[in-house]
Amino acid sequence: MIGSWYLLLPLLLPLAGGLAVAFVGPLADARRRNAVTMAVLLLSALSVVPVLLQGEMRLTLFTLSDNLPILLRTDAISRLFAGLMALVWAAVGLYSFRYMAEEGHGRRFYAFYLCTLSALMGLCFAGTIITYYMFYELMTLLTVPLVMHEMDKAAVAAGIKYLIYSVIGASLVLLGVMLLSPYLDSLTFAVGGSLNLEKAAGHEGTVLTAAGLMLLGFGAKAGMFPLHGWLPTAHPAAPAPASAVLSGIITKAGVLGILRVLYQLVGAGFLRGTWVQTVLMVLSLFTVFMGSLLAWRENVLKKRLAWSTVSQVSYVVFGLSTLHPVGLVGALLHVVAHALIKNTLFLSAGAVIHRTGKTRVEELDGIGRQMPVTLWCFTLASVGLVGIPPCLGFVSKWYLAQGALAMDGVPGWLCWAGPAVLLVSALLTAAYLFPVSIRAFFPGEASPAHPERREASPGMLGPLVALCALSVVLGMAPGALTGVGESIAEDVMPPVSMAMEETVDLTETLPDTEAVVEPEG
């Protein structure tokens, strides 16, 4: 057993490492700095393991007033997000050493990179909406320098745009909290929500407006329309390691905020069948389609992947908006799938740019013969993102479609519109990702028959291959991950008798949408 004080370790360890990198004189040397950064990243990831194995933990840092504690707390949701973020952050950090070796200002990059991990752990363990908001704003401020790292005109403009969109989103969240707080028993995240139905009686419009503002505000970080514009601007300007974590991890801060508001602050029971659920679902589906379409039209590789992120993260938002246990499981599975797959894609793109300087899709003819391992990782990740079995992306999208078809309390057309849009988006995803691999491995006649091998260095290939392999392995054996998702769904939706044991078992047989049992009651 470990004490609740232990929750400070995953926060303080990367924070101390980041401050040391920034201010300790000997760490100005790149080799020493990289060694310290690698040690901090690995120790930070390992420090999360005991939290994953422990039951619920609570630690009050301090109290702003009688009902405003700054509280750290663990539950199944925080353990899933913390484990995923720590793992991916460490992998991308290890990849970055070789990529950033020829970049300037490496000391500044790693200082902010480590401190951002501290803020992310605070987000995961936040036990109240005020605690969450505090770490959410801190994360934004710490990631702006990652976007602006190159400090050229495009990078500075991208960083300013990212900051403006983030401030708008955070302001909407804060306004929503202020409107909602009089109708809550407390600002603590609770099973089924903290909303006091007696206090809310007669004020339903205000409560729904507050919830809508908060969801829209967190949607800015998740890249949901209409506050999505920072993503396709920030990704091409940032270094590839920063682009990877912005897409695969930072967007999940918005997702986690939406999840907490829907299920643990306002409550799914209150929101089910309201205009808030309908609007959130419509916005997420529109973003799914829009992002896929614009990715298909884009020729700059990193910008194509950025538009893809706009689309794919809204898959998660759509699953959350179903307010159905099966849809929630699909959303949680897609959080993991997207984090692993999109980081693989961005790291592959970064390896190509680092070794060849090529940034546009039409320049990639024959690159698969020069960098076969890198492009095979890109191809396998593309298969997963499209949703082709046995990759994890297929499992998550299957649950998302099943959750949509099993919904009740919403307009009937939304039940079939969801799976339809997901299918169209999958086809568009294939249309914008597979041509990269086709060009890479089956170039035109103008390409040399035996091109010079220019594979990425082992330090870059190791994390890249590991993330790609993990996404495939989890897709082939999804039982443990789906079990975690089902456990979370049972915890956050107690009024619903899920009968999850009767839902489709993807490890045995797939088809027949009627295999999913609608919740009782």
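Conventions we followed
Residues numbered from 1 in each chain as written. Predicted model: local features only at pLDDT ≥ 70, side-chain atom pairs only at ≥ 80, totals over all residues. Heavy atoms only, no water. Helix = DSSP H or I, 4+ residues; strand = E, 2+ residues; numbered from the N terminus. Expected span 1.5 Å × (residues − 1). Buried < 20%, exposed > 50% of the residue type's maximum accessible area, 1.4 Å probe, protein only. Contact = heavy atoms within 4.5 Å. Axes fitted to C-alpha atoms, helices over the stretch in contact; angles between N-to-C directions. Parallel < 35°, antiparallel > 145°, perpendicular 65-115°, else oblique. Left-handed = near helix turned anticlockwise from the far one by under 90°. pLDDT = per-residue confidence, 0-100.

The terminal C-alpha atoms of helix H19 (residues 458–476) lie 26 Å apart, and with 19 residues this matches the ideal 27 Å at 1.5 Å per residue to within 8%. Along H19, the positions that sit buried rather than exposed are Met 460, Leu 461, Pro 463, Leu 464, Leu 467, Cys 468, Ser 471, Val 472 and Gly 475. The inward-facing, buried residues of H19 contact helix H3 (76–99), helix H14 (325–356), helix H16 (372–386) and helix H17 (392–405).

Attention now goes to the packing of helix H5 (residues 129–147) against helix H10 (residues 240–265). Running from N to C, H5 and H10 cross one another at 165°; their axes reach a closest spacing of 12 Å. When the interaxial angle is binned, H5 and H10 end up roughly antiparallel. For H5 against H10, the interelement crossing comes out left-handed. The segment H5 lies against H10, with Ile 129, Tyr 132, Tyr 136, Met 139, Thr 143, Leu 146 and Val 147 engaging Ala 242, Leu 246, Ile 250, Ala 253, Gly 254, Leu 256, Gly 257 and Leu 265.

Before going further, it helps to spend a moment on the environment of Gly 248. Relative to the helices and strands, Gly 248 resides in helix H10. Taking C-alpha positions, Gly 248 is 9.6 Å from Trp 89, a pair spaced 159 residues apart along the chain. Not counting residues up to four positions away in its chain, the partners in contact with Gly 248 are His 338, Ala 339 and Asn 343.

Turning next to the confidence of the model for the protein chain. It should be kept in mind that the predicted coordinates are not to be read in detail where pLDDT is low. Averaged over every residue, the pLDDT of the protein chain is 89; residues scoring 70 or more account for 93%. A low-confidence stretch, residues 495–521 (pLDDT under 50), is modelled with 43 contacts involving residues beyond four sequence positions or located in other chains.

A word on unusual backbone geometry. Cis geometry is found at the peptide bond from Phe 225 to Pro 226, where omega equals 10°. Mapping Pro 226 onto the fold places it in the loop between helix H8 (204–221) and helix H9 (230–237). The residue after Pro 389, namely Pro 390, is reached through a cis peptide bond having omega 10°. Turning to its location among the elements, Pro 390 is positioned in the loop between H16 and H17. Even without being a glycine, Met 151 presents a positive backbone phi close to 60°. When you line up the elements, Met 151 lands in the loop between H5 and helix H6 (153–180). You will see that Leu 323, though not glycine, has its phi angle at about 50°, which is positive.

For the rest of this paragraph, the subject is the environment of Leu 461. Mapped onto the elements, Leu 461 comes out in helix H19. Linking Leu 461 and Pro 10, residues 451 residues apart in sequence, is a C-alpha distance of 27 Å. Among all residues touching Leu 461, those that are not within four sequence positions of it are Val 373, Thr 374, Glu 455 and Ala 456.

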